[in-house]
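# Structural overview
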Amino acid sequence: MKVYHASTIPVESPDTKHSRDKLDFGKGFYHTEIREQAIKYAERFTVRNKEAYINEY
């Protein structure tokens, strides 16, 4: 199974240690099995003139 993670930086491997505490569902590493969903989330970064990466695991 492949999972996807949208980020402003390339992430080589999931890491919950650097996660923020006050996220919607608590501390963790958020990912999806749906590539299109990750792309939509990454587009939120580009709207703010930030780089966007789709990390695939």
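Treat the numbers as computed from the prediction; the structure is a model and nothing was measured. (Residues numbered from 1 in each chain as written. Predicted model: local features only at pLDDT ≥ 70, side-chain atom pairs only at ≥ 80, totals over all residues. Heavy atoms only, no water.)

## Considerations on the layout of surface pockets
Space inside the largest pocket adds up to approximately 990 Å³. At the level of secondary structure, the elements contributing two or more residues to the lining of the largest pocket comprise β1 (4-7) and α1 (35-47). For the lining of the largest pocket, the leading source of residues is α1, giving six residues. Looking at side-chain class alone, the lining of the largest pocket contains 11 nonpolar, nine polar and six charged residues. (1 Å grid on protein atoms, 1.4 Å probe; cavity = no way out; pocket = protein on both sides within 12 Å on 5 of 7 lines; lining within 4 Å. Points joined across faces, edges and corners; volume = space filled by probe spheres on them. Helix = DSSP H or I, 4+ residues; strand = E, 2+ residues; numbered from the N terminus. Nonpolar A, V, L, I, M, F, W, Y, C, P; charged D, E, K, R; others polar.)

## Thoughts on the side chain of Ser7
Mapped onto the fold, Ser7 is located in strand β1. Since its relative accessible area comes to 9%, Ser7 is described here as buried. Here Ile9 takes part through its backbone oxygen, which lies 3.1 Å from a polar atom of the side chain of Ser7. Once residues within four sequence positions are removed from consideration, Ser7 is found in contact with Phe45, Glu51, Ala52, Tyr53 and Asn55. (Buried < 20%, exposed > 50% of the residue type's maximum accessible area, 1.4 Å probe, protein only. Polar contact = N/O pair within 3.5 Å; in protein donor to acceptor, adjacent residues only side chain to side chain. Contact = heavy atoms within 4.5 Å.)

## Here's the deal with the packing of aromatic side chains
Applying the stated rule across the entire model yields two aromatic pairs. Look at Phe29 and Tyr57: their rings are 5.9 Å apart centre to centre, the planes differ by 70 degrees, and that puts the pair in the edge-to-face class. Residue Phe29 is located in the loop between β1 and α1, and its partner Tyr57 is located in the segment after β2 (53-56); the two are separated by 28 residues in the primary sequence. When the ring of Tyr41 is compared with that of Phe45, the centres are 5.5 Å apart and the planes differ by 90 degrees; the resulting orientation is edge-to-face. One end of the pair is Tyr41 and the other is Phe45, both in helix α1 and four residues apart, which spans about a single turn. (Phe/Tyr/Trp six-rings, centres within 6.5 Å; stacked < 30°, edge-to-face > 60°.)

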